[in-house]
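This is what each chain is made of:
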Amino acid sequence: MDTKNFPRMHVSYYVSDLQKTVAFYNTLFDKEPEKVMPGYTKYILEQPALIISFIENPDKVQPHFGHLGFEVETQAELFEKLEWAKNLNLVAKEEIETS
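Notes on the structure follow. Keep in mind that what you see is a predicted model, and the values were worked out from it rather than measured.

### Considerations on the side chain of Asn26
And step 1. The residue Asn26 is located in helix α1 (residues 18–29) in this model.
And step 2. In this structure, Asn26 is in contact with Lys31, Glu32, Pro33 and Tyr43, ignoring residues within four places of it in sequence.

### Describing α1
And step 1. Here α1 is twelve residues long and its end C-alpha atoms lie 16 Å apart, about the 16 Å a rise of 1.5 Å per residue gives.
And step 2. Where α1 is buried, its residues contact β1 (9–15), β3 (40–45) and β4 (50–56).
And step 3. For α1, the capping residue at the N-terminal end is Asp17, with a side-chain oxygen 3.1 Å from the backbone nitrogen of Gln19.

### Some thoughts on the pairing of β3
And step 1. Counted residue by residue, β3 has five buried out of six residues, so it is predominantly covered.
And step 2. Across three bridges, the pairing between strand β2 (residues 35–37) and β3 is antiparallel. When the bridges of β3 are listed, Met37 appears paired with Tyr40.
And step 3. What sits between the antiparallel neighbours β2 and β3 is a turn of two residues, in which Gly39 has the positive phi angle 80°.
And step 4. Pairing geometry for β3 and β4, over six bridges, is antiparallel. Bridging from a neighbouring strand, Leu45 pairs with Leu50 of β4.
And step 5. Hairpin connection from β3 to β4: four residues lie between these consecutive antiparallel strands.

### A look at the environment of Lys60
And step 1. Of note, Lys60 is situated in the loop between β4 and α2 (75–87).
And step 2. With a relative accessible area of 42%, Lys60 lands in the partly exposed category.

How each quantity is defined
- Residues numbered from 1 in each chain as written.
- Predicted model: local features only at pLDDT ≥ 70, side-chain atom pairs only at ≥ 80, totals over all residues.
- Heavy atoms only, no water.
- Helix = DSSP H or I, 4+ residues; strand = E, 2+ residues; numbered from the N terminus.
- Contact = heavy atoms within 4.5 Å.
- Expected span 1.5 Å × (residues − 1).
- Polar contact = N/O pair within 3.5 Å; in protein donor to acceptor, adjacent residues only side chain to side chain.
- Buried < 20%, exposed > 50% of the residue type's maximum accessible area, 1.4 Å probe, protein only.
- Pairing = 2+ DSSP bridges.

Function cannot be read off these values alone, since they describe shape.
Structure follows, in structure tokens:
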């Protein structure tokens, strides 16, 4: 394992439909998950240094969770990433100029 991206944060989220979640994140991350088991999947990312996993359990999904986002360095990079995501139909809600 490459150790240049440590420490690496690990987060895990409950989802109601693992198949739809995997399809979304395969597109977003442009990669397949590292681990897939019934009701569970995990991605290991190098940039950002993150392990993100999803557990299918509709009863534990919170309707007012908050949000997840990615920060970029420049406004140009933001608009480039936004256009890329829009072209792949990944954008559900657009929020610009927030901090």
